[in-house]
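Descriptive structure summary
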Amino acid sequence: MKKQKRRLNLVELNEKQLFEIADEAMKNAYAPYSNYRVGAAIVCDNDKTYSGVNIENASYGLTNCAERTAIFKAVSEGVKHVSKIIVTNGTDELSKPCGACRQVMSEFMGPDDIVYLANQHNDFKEFTFKEILPLAFSDKDMD
Ligand code: THU
């Protein structure tokens, strides 16, 4: 019998699964220059999750971080809001999103949305977005 296709939605998705998606994605990190592998997974307003990895380039400055890869994939499919993000990496240290990624996150995440920063052992710390980017610059500053 043909297996029914199931769509992963917010109700079914628990934190453990989100961590697994980020971990699994990290295997596809393209990091031949730094050898620092990063995986991200996000939960979005369309009930879907998206993953992302860091994608490096021989012209170093063109590197795209895992967080931005995941967010850009989602936004290109119509997402306007990200409610959770997990960022993991292949070391013992917890991930620390760079400043550029925090600013891009601030475009699509609210102050109380959830950020999990993890390491390769799935140790993690949970933050709200405003904890990792206080005083964020936003469209309101231009009113
Ligand atoms: N990197 C990320 O993917 N996310 C971050 O927030 C920090 C940095 C990547 C970019 C580059 O491929 C490698 O980590 C080393 O900087």
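The structure this text deals with has already been given above.
So, a few notes on the structure that sits alongside this text. (Residues numbered from 1 in each chain as written. Predicted model: local features only at pLDDT ≥ 70, side-chain atom pairs only at ≥ 80, totals over all residues. Heavy atoms only, no water.)

1. Topic: the sheet that holds strand β3 (residues 82-89)
By way of backbone hydrogen bonds, the strands of a sheet pair with one another, either parallel or antiparallel. The test is simple: At least two bridges found by DSSP between two strands is the condition for calling them paired. Helix numbering and strand numbering both begin at the N terminus, where a helix is a DSSP run of H or I of at least 4 residues and a strand a DSSP run of E of at least 2. Inter-axis angles, ranging from 0 to 180 degrees, are taken between N-to-C directions of lines fitted to C-alpha atoms, where helices are fitted over the stretch in contact. Residue contacts follow a heavy-atom distance rule, with two residues in contact if any of their heavy atoms lie within 4.5 Å.
Overall, mixed pairing links the five strands, which are arranged β2-β1-β3-β4-β5 in an open sheet. The open sheet has two edge strands with one neighbour each: β2 (49-53) and β5 (124-128). Put simply, the sheet's adjacent strands are angled 15° from each other on average, direction ignored. Alignment of strand β4 (residues 114-118) against β5, held across five bridges, turns out to be antiparallel. Looking at the pairing, Val-115 lines up with Phe-127 of β5. Set on the sheet, helix α1 (residues 15-26) makes contact with β1 (38-44), β2, β3, β4 and β5; between it and β1 the angle comes to about 140°.

2. What about the packing of aromatic side chains?
As a reminder, the rule being used: When two rings of Phe, Tyr or Trp (its six-membered ring) have centres within 6.5 Å they constitute a pair, described as stacked for plane angles under 30 degrees, edge-to-face for angles over 60, and tilted for the intermediate range. Partly exposed residues are those whose accessible area sits between 20% and 50% of the maximum for their type, while under 20% is buried and over 50% is exposed, using a 1.4 Å probe and protein chains only.
Summed over the entire model, instances satisfying the criterion amount to four aromatic pairs. Both rings, one in Phe-19 and one in Tyr-116, keep their centres 5.6 Å apart while their planes meet at 55°; by these two values the pair is tilted. Of this pair, Phe-19 sits in helix α1 while Tyr-116 sits in strand β4, and the two are 97 residues apart along the sequence. Tyr-116 carries the same exposure label as Phe-19, and that label is buried. Taking 5.6 Å as the distance between ring centres and 85° as the angle between the ring planes, the aromatic pair formed by Tyr-116 and Phe-124 counts as edge-to-face. According to the relative accessible area criterion, Phe-124 is partly exposed, its value standing at 41%. Among the aromatic residues, those joined into a cluster by ring pairs are Phe-19, Tyr-116 and Phe-124.

3. Quick word on the site of the ligand
Going by this rule: The rule for a residue being near a molecule or strand is that one of its heavy atoms must lie within 4 Å of it. Within 3.5 Å is the distance limit for a polar contact, defined as a pair of N or O atoms, with the added protein rule that one can donate a hydrogen and the other accept it, and that residues adjacent in sequence qualify only through two side-chain atoms. Residue burial considers only the protein chains on display, and all accessible areas are found by Shrake-Rupley using a 1.4 Å probe. Note on definitions: the grid is 1 Å and covers protein atoms alone; a cavity is a set of points where a 1.4 Å probe fits but cannot get out; a pocket is an open set with protein on both sides within 12 Å along at least five of seven lines; lining residues have an atom within 4 Å of a point. Pocket occupancy is defined atom-wise: a molecule lies in a cavity or pocket when more than half of its atoms are within 2 Å of its grid points. Lys, Arg, Asp and Glu make up the charged group, whereas Ala, Val, Leu, Ile, Met, Phe, Trp, Tyr, Cys and Pro make up the nonpolar group; the residues left over, Gly among them, are polar.
Neighbouring residues of the ligand: Ser-34, Tyr-36, Val-38, Asn-54, Glu-56, Thr-63, Cys-65, Ala-66, Glu-67, Lys-96, Pro-97 and Cys-98. Within the backbone of Cys-98, a nitrogen or oxygen atom sits 2.8 Å from an oxygen atom of the ligand. The protein chains hide 78% of the 380 Å² of surface that the ligand would expose on its own. In a pocket analysis with a 2 Å cut-off to the grid points, the ligand is assigned to the second largest pocket. Taken together, the residues of the shell around the ligand break down into six nonpolar, three polar and three charged.

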